[in-house]
Amino acid sequence: MYQFPKGFYTDVREETVYATSITIENGVLKENKTKKEQGVIIRLYDGNRWYISSTTILDQVQEEIDSLAGMALPCPDIEEDPIVRKYEVNREIQLKYTDCDVSQISNEKKLSVAEQYCKCFQDYKEIQQWKVYYVDNHTRKHIVSSKGCDVTFDTQNCCVSPRYVLMKDDKPFYGRKDIYRMKFDELSGHEEELHAVIKEDILYNENAVPVEPGEYTCIFSPAVTGVFAHESFGHKSESDFMVGDENMKREWAIGTRVGAELLNIVDTGLEEGSGYVPFDDEGTRAKKTYLIKDGILSGRLHSAMTAAALEEDLTGNARAVNFQFEPIVRMTATYVAAGESTKEELIAGVKKGIYISDYNHGSGMSTFTIAPNKAYMIRDGRLAEPVRISVITGNVMHTLHEIDGLSKEFELCSFALGGCGKMEQFPLRVGLGGPYMRVKHLTVQ
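Here we summarise the structure given alongside this text. (Residues numbered from 1 in each chain as written. Predicted model: local features only at pLDDT ≥ 70, side-chain atom pairs only at ≥ 80, totals over all residues. Heavy atoms only, no water.)

### Some details on the overall build of the protein
- Scanning the protein for helices and strands turns up nine helices and 24 strands.
- On C-alpha atoms alone, the protein measures out to a radius of gyration of 24 Å, which is about the 22 Å that the 2.2 N^0.38 rule sets for 445 residues.
- Dimensions of the protein along its principal axes, counting C-alpha atoms only, are 70 × 55 × 35 Å.
- Looking at the 445 residues of the protein, the share that counts as buried comes to 56%.
- On the protein, roughly 19,500 Å² of surface is accessible, and the fraction owed to carbon and sulfur atoms is 46%.
- Separation between the mean location of the 51 positive side-chain charges and that of the 68 negative ones in the protein comes to 3 Å. (Helix = DSSP H or I, 4+ residues; strand = E, 2+ residues; numbered from the N terminus. Rg over C-alpha atoms; globule rule 2.2 N^0.38 Å. Buried < 20%, exposed > 50% of the residue type's maximum accessible area, 1.4 Å probe, protein only. Areas by Shrake-Rupley, 256 points an atom, 1.4 Å probe, with all protein chains shown as cover. Lys, Arg positive; Asp, Glu negative; His and termini not counted. Charge placed at Lys NZ, Arg CZ, Asp CG, Glu CD.)

Pasting the structure below:
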């Protein structure tokens with residue numbers, strides 16, 4: 001396909017992206033947009049540095065390769081370079097969504113699905129304003145390399161995302177429901193789910209009282225467990241933070257106990273959803289990587305460069321938001337593995353605590369924070385009154401040891417809007433989730 005110059009490692013990643021974006025606000029169509037774009041990123045490595053070019057002119061790729069080679073110095077032993085030796089040579093086609101490609105669905109049908117959910121807001125005088133977003137994306141990638149890699153695969157998502165604002169005492173409450181599916185024909189028929197969420201939010205907003213600040217045992221819903229795993233430990237596991245930092249290497253040595261014995265945190269691109277990527281953007285096959293296994297630091301996430309630098313195995317986590325960017329170490333779907341209790345058993349074991357049902361946002365590296373969207377007191381082992389909480393905080397490495405219960409119930413969550421950000425690359429689709437999780441000694445404000 002391409003003539004790769006001798007003395008270099010070269011790879012080419014071609015992407016074809018189709019996406020739809022529809023927005024209806026308070027019954028008025030604000031956006032109905034479809035885009036299709038193709039582009040290529042070329043990387044060339046001479047053993048000392050990388051040379052990178054991106055173009056949307058597909059018939060000029062060979063010229064770009066030759067131009068990059070003209071800037072570099074050939075290395076006769078490039079195949080023995082530690083980074084080059086790490087690259088997998090996969091040759092495979094995985095087109096999972098050809099038969100249900102959202103690019104083959106008319107915009108009229110997509111608009112009609114969005115309008116179905118608009119009707120749900122007519123029944124609630126408490127809703128001050130609302131929007132319904134419809135978004136979809138089908139991306140096909142083809143990655144080839146001078147080492148012999150040749151993989152083609154696709155990813156897809158389609159979502160309807162209602163958003164609304166409830167008001168009480170001039171204080172807004174922001175409600176939402178994401179209907180996320182891999183196939184368009186599975187988006188319809190979920191109106192009762194939206195109604196149930198709206199009714200719960202109205203009751204919460206009318207009855208919630210400010211929490212009494214203090215230290216509590218908290219139980220996280222699967223989505224909140226997932227954002228905790230993603231923000232507090234997933235980013236710490238992205239190994240580019242560690243390259244060249246000897247202190248961090250010692251502190252984060254594989255085999256170190258970092259959490260409670262029942263805790264397992266996993267990252268994988270194999271699970272269908274917003275974190276699904278059968279190959280990463282270097283052509284590495286997706287893996288199931290235990291970041292923590294039975295409370296022990298067991299792995300971290302890698303590109304070929306970081307795997308070579310730390311002398312560890314590839315994990316399939318070199319990812320880029322699109323063809324304009326080179327791949328960097330990123331999560332795919334990160335989750336806490338299920339436990340052996342039930343949700344009811346976890347709650348029953350708490351005399352006075354808080355159940356965090358949903359969240360607005362989270363962040364964390366050394367200290368994590370979660371801003372709850374909905375929360376409820378737990379009193380004598382039962383859910384009690386709804387409470388308003390600004391933020392929950394804790395020291396990451398301390399909190400990992402304070403986890404003392406995980407449910408059998410498990411959910412891997414996908415999100416329609418937004419994504420994960422790192423450096424200038426945002427938003428990247430990722431998944432997160434886990435079981436209901438009980439954590440002691442969290443600061444609640």
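### Remarks on helix 1 (residues 61-71)
- Among the residues of helix 1, Val-61, Ile-65, Leu-68 and Ala-69 are the ones counted as buried. Angular distribution of buried residues about the axis of helix 1 spans 100 degrees; they occupy a single face of the element. Away from the buried face of helix 1 by more than 90 degrees, exposed residues Glu-63, Gly-70 and Met-71 are located. (Arc of directions from axis to C-beta.)

### Some words on the nonpolar core
- In terms of nonpolar packing, the biggest core is built from 44 residues, with Phe-220, Phe-233, Ile-354 and Ile-389 touching the most fellow members.
- For this core, the elements supplying multiple residues, two or more each, are strand 10 (214-220), helix 5 (222-234), strand 12 (288-293), strand 17 (352-364), strand 18 (367-379), strand 21 (403-413) and strand 24 (431-444).
- By residue number, the principal contributor to this core is helix 5, which donates six residues.
- With sequence-adjacent residues up to four places away left out, Phe-220 is seen in contact with Thr-225, Phe-228, Tyr-355, Ile-356, Ile-370, Pro-435, Tyr-436, Met-437, Val-439 and Leu-442.
- Core analysis: the next-biggest nonpolar cluster, separate from the first, contains 38 residues, Ala-114, Ile-202, Tyr-204 and Ile-378 among them. (Core = buried A, V, L, I, M, F, W, Y, C linked by side-chain atoms within 4.5 Å. Contact = heavy atoms within 4.5 Å.)

### Re the side chain of Thr-152
- Note on placement: Thr-152 falls in strand 6 (residues 150-168).
- What makes Thr-152 buried here is its relative accessible area of 10%.
- Those residues within four positions of Thr-152 in sequence are excluded, and the remaining contacts are Glu-92, Ile-93, Gln-94, Leu-95, Arg-140, Lys-141 and His-142.

### Quick look at the environment of Ala-208
- Locating Ala-208 in the fold gives a position in the loop between helix 4 (191-207) and strand 9 (209-210).
- Judged by its relative accessible area of 9%, Ala-208 is buried.
- C-alpha of Ala-208 to C-alpha of Val-151: the two residues are 57 residues apart in sequence and 52 Å apart in space.
- Not counting residues up to four positions away in its chain, the partners in contact with Ala-208 are Pro-386, Val-387 and Arg-388.

### A word on the side chain of His-235
- Position of His-235 relative to the elements: it lies in the loop between helix 5 and helix 6 (246-251).
- Note on His-235: relative accessible area 10%, which makes it buried.

### Section: unusual backbone geometry
- In this model, Phe-426 is joined to Pro-427 through a cis peptide bond whose omega is -5 degrees.
- Mapped onto the fold, Pro-427 is located in strand 23 (residues 425-428).
- Despite not being glycine, Met-423 has its phi angle at roughly 55 degrees, a positive value.
- A relative accessible area of 63% places Met-423 in the exposed class.

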